[in-house]
Amino acid sequence: MDNEENEHAFWGTQPVPQNEAESEAFIHVGPMDVPKTVEEISKEPYPLASVLEWYTPNFDKEEDLNAVYELLRDNYVEDNDSMFRFKYSHEFLKWALTPPGYYRDWHVAVRQKKDGALLGFIAGVPFTMKMGTPKDLVEESTARLKEEGKEVQLFSEPRRICEINFLCVHKKLRSKRLAPILIKEVTRRVNLENIWQAVYTAGVVVPTPFSTGQYFHRSLNPEKLVAIRFSGVSSGFKKFQNPMAMMKRHYKLPDAPQTKGTREMTEKDVADVCRILNEYLITFDVTPQFNEEEVQHYLLPRDGVVYSYVVEHNNKVTDFFSFYILSSTVIGNSKYNELNAAYVYYYAAKTTKLENLMTDLLIVAKSKGLDVCNLVNILDNQSFLETAKFLPGDGNLHYYFYNWAYPKTEPSKVGLVML
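Residues numbered from 1 in each chain as written. Predicted model: local features only at pLDDT ≥ 70, side-chain atom pairs only at ≥ 80, totals over all residues. Heavy atoms only, no water.

A. Quick look at the nonpolar core. The biggest cluster of nonpolar side chains holds 104 residues, and the ones touching the most others in it are Trp95, Phe166, Tyr324 and Tyr345. At nine residues, the largest contribution of residues to this core is made by strand β12 (residues 338-349). Looking at this core, you find at least three residues from each of domain 1 (11-209) and domain 2 (213-413). Excluding residues that lie within four positions of it along the chain, Trp95 makes contacts with His297, Tyr298, Arg302, Val305, Val306, Tyr324, Tyr345 and Leu419. Grouped together as the second largest cluster of nonpolar side chains are 26 residues, Val108, Val110, Ala198 and Val206 included. (Core = buried A, V, L, I, M, F, W, Y, C linked by side-chain atoms within 4.5 Å. Buried < 20%, exposed > 50% of the residue type's maximum accessible area, 1.4 Å probe, protein only. Helix = DSSP H or I, 4+ residues; strand = E, 2+ residues; numbered from the N terminus. Domains from an automatic or database assignment. Contact = heavy atoms within 4.5 Å.)

B. Layout of the pairing of strand β14 (residues 391-402). The sheet contact formed by strand β6 (residues 198-202) and β14 spans five bridges and is antiparallel. Bridged to Tyr200 within β14 is Tyr400. Strand direction decides the pairing type here: strand β7 (residues 211-219) and β14, joined by six bridges, are antiparallel. Looking at β14, one finds that Thr212 is bridged to His398. (Pairing = 2+ DSSP bridges.)

C. Molecular detail of the packing of helix α3 (residues 62-75) against helix α4 (residues 90-97). Two elements in contact, α3 and α4, have axes separated by 10 Å at closest approach and are oriented at 105°. Accordingly, the angle class assigned to the pair α3 and α4 is roughly perpendicular. Where α3 abuts α4, its residues Glu62, Leu65, Asn66, Val68, Tyr69 and Leu72 lie against His90, Leu93 and Lys94. Residue classes in the contact of α3 with α4 are distributed as five nonpolar, two polar and two charged. (Axes fitted to C-alpha atoms, helices over the stretch in contact; angles between N-to-C directions. Parallel < 35°, antiparallel > 145°, perpendicular 65-115°, else oblique. Nonpolar A, V, L, I, M, F, W, Y, C, P; charged D, E, K, R; others polar.)

D. How the structure looks around the pattern of salt bridges. Here the structure, examined in full by the defined rule, presents 19 salt bridges. Here Arg275 ties to Glu279 by a salt bridge, and the two come within 4.0 Å at their closest N and O atoms. One end of the pair is Arg275 and the other is Glu279, both in helix α10 (residues 270-281) and four residues apart, which spans about a single turn. The class of Glu279 is partly exposed, set by a relative accessible area of 38%. Residues joined by salt bridges that share partners form a network here, namely Asp105, Glu185, Arg188 and Arg189. (Salt bridge = Lys/Arg side-chain N within 4 Å of Asp/Glu carboxyl O.)

E. Spatial organisation of unusual backbone geometry. In this chain, Pro207 is followed by Thr208 through a cis amide linkage whose omega measures -25°. Looking at the element boundaries, Thr208 is found in the loop between β6 and β7. Residue Arg177 is not a glycine yet carries a positive backbone phi of 60°. Arg177 sits in the partly exposed class, given a relative accessible area of 34%. Of note in this structure, Asn194 is not a glycine but carries a positive phi near 65°. Summarising the element assignment, Asn194 is placed in the loop between α6 (178-191) and β6. With a relative accessible area of 49%, Asn194 lands in the partly exposed category.

F. Highlighting empty space enclosed by the protein. If you walk through the whole model with that rule in mind, you get two cavities of 30 Å³ or more. In this structure, the largest cavity occupies an estimated 100 Å³ of space. What lines the largest cavity is a set of 15 residues, among which Ala96, Val125, Glu163, Asn165 and Leu419 lie closest to the centre. Among the elements of the structure, α4, β4 (118-131), β5 (159-169) and β12 are those that each provide at least two residues to the lining of the largest cavity. For the lining of the largest cavity, the element with the most residues is β4, which contributes four residues. (1 Å grid on protein atoms, 1.4 Å probe; cavity = no way out; pocket = protein on both sides within 12 Å on 5 of 7 lines; lining within 4 Å. Points joined across faces, edges and corners; volume = space filled by probe spheres on them.)

G. Quick peek at the confidence of the model for the protein. Predicted confidence across the protein gives a mean pLDDT of 91, with 92% of residues reaching 70 or more. Across residues 1-5 the pLDDT falls below 50, and counting only partners more than four positions away or on other chains, this stretch makes four contacts in the model. (pLDDT = per-residue confidence, 0-100.)

H. Layout of the packing of aromatic side chains. The full count for this structure, using the stated rule, is 32 aromatic pairs. Ring centres of Phe290 and Tyr298 lie 6.1 Å apart, and the angle between their planes is 65°; this geometry places the pair in the edge-to-face category. For Phe290, a relative accessible area of 7% corresponds to the buried category. The exposure class of Tyr298 is buried, given its relative accessible area of 4%. A cation over an aromatic ring shows up here: Arg111 above the ring of Tyr55, its NZ or CZ 3.8 Å from the ring centre. (Phe/Tyr/Trp six-rings, centres within 6.5 Å; stacked < 30°, edge-to-face > 60°. Lys NZ or Arg CZ within 6 Å of the ring centre and 35° of its normal.)

I. A look at the UniProt feature "domain: Glycylpeptide N-tetradecanoyltransferase C-terminal" (unreviewed entry) in the protein. Mapped onto the present numbering, the UniProt feature "domain: Glycylpeptide N-tetradecanoyltransferase C-terminal" (unreviewed entry) falls on residues 241-410. Counting secondary structure, residues 241-410 comes out at 25% helix and 34% strand; the distance between its end C-alpha atoms is 42 Å. (UniProt positions renumbered as here; feature names shortened; annotations may be inferred.)

J. Fine view of the environment of Asp74. With respect to the element layout, Asp74 can be found in helix α3. The sequence separation of Asp74 and Cys168 amounts to 94 residues, and the corresponding C-alpha distance is 9.9 Å. Residues in contact with Asp74, not counting those within four places in the same chain, are Arg85 and Lys171. Among the polar contacts made by the side chain of Asp74, one reaches the side chain of Arg73 at a distance of 2.9 Å. (Polar contact = N/O pair within 3.5 Å; in protein donor to acceptor, adjacent residues only side chain to side chain.)

K. Broad picture of the layout of surface pockets. By volume, the second largest pocket is sized at about 440 Å³. Asp33, Lys36, Ile41, Thr187 and Asn191 are, among the 23 residues lining the second largest pocket, the residues nearest its centre. The biggest single contributor to the lining of the second largest pocket is α6, with five residues. Each residue belonging to the lining of the second largest pocket can be placed in one class, and the counts come to 11 nonpolar, seven polar and five charged.

L. Inspection of the packing of α10 against helix α11 (residues 292-299) at higher detail. The N-to-C vectors of α10 and α11 enclose an angle of 100°; their axes lie 9 Å apart at closest approach. Judged by the angle between their axes, α10 and α11 are roughly perpendicular. Contacts between α10 and α11 involve Val270, Ala271, Val273, Cys274 and Leu277 from the former and Glu292, Val295, Gln296 and Leu299 from the latter. Of the residues belonging to the contact of α10 with α11, the class tally is seven nonpolar, one polar and one charged.

Below is the structure:
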């Protein structure tokens with residue numbers, strides 16, 4: 001069997017919708033697997049080849065953090081043309097993988113016994129998610145289902161689930177079926193904490209996404225983006241004698257945020273930001289809910305990792321925006337070896353127009369020396385794409401649930417930003 005057949009055989013055994021038709025047929029939401037108890041879950045890890053062993057990295061140890069960093073740097077997600085590869089920094093990994101209440105045991109690695117070299121990794125972090133029946137589906141189907149003597153199951157109460165990320169296998173072992181073993185092992189460890197659902201994203205299609213968003217990109221440094229072939233010179237600029245000069249003029253931004261009262265978020269803003277963020281996110285069908293400790297961890301500015309700004313009027317925080325920084329290795333370019341990108345993170349616009357907040361976000365990102373700003377068309381991102389001069393990319397991000405039946409959902413109803 002080739003890799004694709006192996007992968008399909010694995011997913012065919014998992015509690016996920018097996019095809020689009022099955023996914024689109026969901027009316028009720030809820031667990032897909034037979035209910036289990038923690039007592040039924042094996043306390044022993046899955047067996048590995050005799051030359052390999054399980055390892056739980058400790059992100060407080062520089063040696064372990066660096067080992068995961070190097071595995072991801074050299075073997076993680078690349079674009080289809082193998083021109084760019086994500087390069088998560090040490091600080092980013094520690095931020096993403098050690099939130100309040102995290103389980104160290106959910107950081108799962110496989111390494112060689114003889115030299116301790118890391119060959120595979122997957123990570124989970126706990127999250128509180130709202131993932132009940134979409135409002136429009138409830139409205140459309142309630143009357144019909146009642147006529148049939150059935151009830152609509154809302155499951156709208158937020159529940160603690162696992163967010164899975166950073167599944168990576170060393171390139172030399174891609175044919176050894178290590179990825180399914182990593183997935184099964186992290187699932188076992190998550191189940192031992194009485195958590196039975198997970199959410200994850202991927203740029204590739206496996207059975208079966210509940211939503212798919214498209215990537216969009218806003219140029220901050222057009223000259224560099226063209227030089228590394230991240231983007232090209234569009235036909236609209238080619239008619240000019242100096243196309244690059246016109247591109248720079250087109251994408252030029254002011255030097256400082258334009259919204260009055262905009263400043264960097266501080267610790268005293270945590271409670272206000274938590275409140276307005278949750279009030280905004282609750283309007284989406286699939287969305288996290290944060291407590292103040294989590295807001296402090298994920299949104300307080302960390303140099304080179306995440307930046308958050310609030311708008312303050314009369315000593316009251318009314319709006320905020322944030323972005324995180326993720327670099328990529330530029331493969332095979334003689335002039336540049338790194339692409340530095342801002343990714344739109346969470347925001348809430350209560351008194352300021354969202355398009356104005358996003359313009360200020362771009363201004364701040366540009367001031368940090370970043371080359372491009374990226375996003376997926378979830379949240380209300382679609383509303384400002386044109387005015388903020390975002391252009392569609394050629395990549396998609398697919399959203400998946402594990403052990404949770406959920407109907408096909410438009411990305412505009414998704415409020416979860418995955419790192």
